[in-house]
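Chain by chain, the residues:
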Amino acid sequence: MIVLEDCAKSKAVTIFVRGGNQMILEEAKRSIHDALCIVRNLVVDNRIVYGGGAAEIACSNYVAEKMHEIPGVEQHAVGAFGEALDSVVMALAENSGLNPIESLGEIKARQANEKNVHLGIDCMGLGESDMKKQNVFESLQSKQKQLQHATQMCRMILKIDDVIQPSQYE
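Cut-offs applied
Residues numbered from 1 in each chain as written. Predicted model: local features only at pLDDT ≥ 70, side-chain atom pairs only at ≥ 80, totals over all residues. Heavy atoms only, no water. Helix = DSSP H or I, 4+ residues; strand = E, 2+ residues; numbered from the N terminus. Rg over C-alpha atoms; globule rule 2.2 N^0.38 Å. Buried < 20%, exposed > 50% of the residue type's maximum accessible area, 1.4 Å probe, protein only. Contact = heavy atoms within 4.5 Å. Lys, Arg positive; Asp, Glu negative; His and termini not counted. Charge placed at Lys NZ, Arg CZ, Asp CG, Glu CD. Axes fitted to C-alpha atoms, helices over the stretch in contact; angles between N-to-C directions. Parallel < 35°, antiparallel > 145°, perpendicular 65-115°, else oblique. Left-handed = near helix turned anticlockwise from the far one by under 90°. Salt bridge = Lys/Arg side-chain N within 4 Å of Asp/Glu carboxyl O. Core = buried A, V, L, I, M, F, W, Y, C linked by side-chain atoms within 4.5 Å. Nonpolar A, V, L, I, M, F, W, Y, C, P; charged D, E, K, R; others polar.

Student: Before we go on, may I ask you to explain the overall build of the protein chain in this structure?
Tutor: Along the protein chain, the regular secondary structure elements total six helices and two strands. The helix and strand sequence of the protein chain, counted from the amino end, reads α-β-α-α-α-α-β-α. Over its C-alpha trace the protein chain gives a radius of gyration of 20 Å, far above what one expects of a compact globule, namely 15 Å for 170 residues. If you line up the protein chain on its principal axes, its C-alpha atoms span 65 × 40 × 35 Å. Within the protein chain, the proportion of its 170 residues that are buried is 26%. Taking contacts inside the protein chain between residues at least 6 apart in sequence as the whole, the part at least 24 apart equals 52%. Of note, the protein chain has its 17 positive side-chain charges centred 8 Å away from the centre of its 23 negative side-chain charges.

The following block contains the structure:
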C-alpha cells in the first residue's frame, strides 16, 4: 500500500512496513535504512563508480601493473591486495550462481583488452557485462569507505603479526 497525499514541500515522511513475522520486519527496516543512507551519500557527493565488481577489477588490474615497480617484500603485500580485490568479485560471481574463477578471468581480460573499466559481472544474466549500459552503480563515497575499512583491517592484522612495522605506515 502506497499513499501519497498533498506532499508539496513536505519535510516529513512515514514509511509503513508490514510483514509476516518480526524477522521479516527487521530485514525490511534494515533494507530501507540502507537505501536511505545510499540516497543521503549521493546527495552529499553525487560521484559514482560502476558496480558488478567493475571498480574492483579495474583497481586489481592497475595494482598488478604497478606492483612490479615496488622493491622488496612490499611488492608481495601489494600483490596480495590486488588478489583481495579479486576475491570480492569472485564472491559476487559465486553468489550469483556463476563460476567465480571463469567469470573473473573473462572480465579481467576483457577490461584489459578493451580498455573498458565499466565491465563487471553480469549477475542478472542479461548478456551484457557493461555496467554503464546496465545502469549498475555505487556511490564513490561508499566504495572508498569500503576499501579504506578493509585496508585498515589488513594493516591492523599485519601489525599484530609484526609483518610490517607500524611506524612505516602512519
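Student: Could you clarify how one ought to interpret the packing of helix α2 (residues 54-66) against helix α3 (residues 74-95) in this entry?
Tutor: In helix packing, the relevant descriptors are the interaxial angle and the interaxial distance, both defined with respect to the helix axes. Across the interface, α2 lies against α3 with an axial gap of 9 Å and an inter-helix angle of 160 degrees. In terms of axis orientation, α2 runs roughly antiparallel to α3. The handedness of the crossing between α2 and α3 comes out as left-handed. On the side of α2, the interface is formed by E56, I57, C59, S60 and V63, while α3 contributes V78, F81, G82, L85, D86, V88 and V89.

Student: Just checking my understanding: could you explain the side chain of N116 for this structure?
Tutor: Position of N116 among the secondary structure elements: in the loop between α4 (100-114) and α5 (131-134). Among residues more than four places away in sequence, those in contact with N116 are Q111 and D130.

Student: Would you mind going over the pattern of salt bridges with me for this structure?
Tutor: A side chain with one charge may pair with a side chain of the opposite charge, provided their charged atoms come close. For the structure shown, the criterion picks out nine salt bridges. Among the salt bridges present, the one from E26 reaches K29, with a minimum N-O distance of 3.4 Å. With E26 and K29 both in helix α1 (residues 22-44) and three residues apart, this pair spans about one turn of that helix. Given a relative accessible area of 48%, K29 falls into the partly exposed group. Between R110 and E114 there is a salt bridge, and its shortest N-O distance comes to 3.0 Å. Residue R110 and its partner E114 are both found in helix α4; the two are separated by four residues, about one turn of the helix. The class of R110 is partly exposed, set by a relative accessible area of 25%. Overall, E114 belongs to the partly exposed group, its relative accessible area being 43%. Taken together, the shared-partner salt bridges connect E27, R30 and D34 into one network.

Student: Even after reading the chapter, I still don't get the nonpolar core, so can you show me in this structure?
Tutor: Within soluble globular proteins, side chains that are nonpolar generally end up buried alongside one another. If you look at the biggest cluster of nonpolar residues, it comprises seven residues: I57, V89, A93, L104, I107, L119 and I121. Elements with a minimum of two residues in this core: α3 and α4.

Student: How should unusual backbone geometry be read in this particular structure?
Tutor: Unlike most non-glycine residues, K115 shows phi in positive territory, near 55 degrees. Its location among the elements puts K115 in the loop between α4 and α5.

Student: Mind showing me how you'd approach the side chain of S103 here?
Tutor: Examined against the element boundaries, S103 turns out to sit in helix α4. Taking the relative accessible area as the measure of exposure, S103 reaches 13% and is therefore buried. Beyond its immediate sequence surroundings of up to four residues, S103 is in contact with A93, L98 and I121.

Student: Please explain the packing of α3 against α4 as it appears in this structure.
Tutor: Contact geometry for α3 and α4: axes closest at 8 Å, N-to-C directions at 125 degrees. Considering the angle they form, α3 stands oblique to α4. In the packing of α3 onto α4, the handedness of the crossing is right-handed. For the pair α3 and α4, contact is made by D86, V89, M90, A93 and E94 and by P100, I101, S103, L104 and K108, respectively. Residue classes in the contact of α3 with α4 are distributed as six nonpolar, one polar and three charged.

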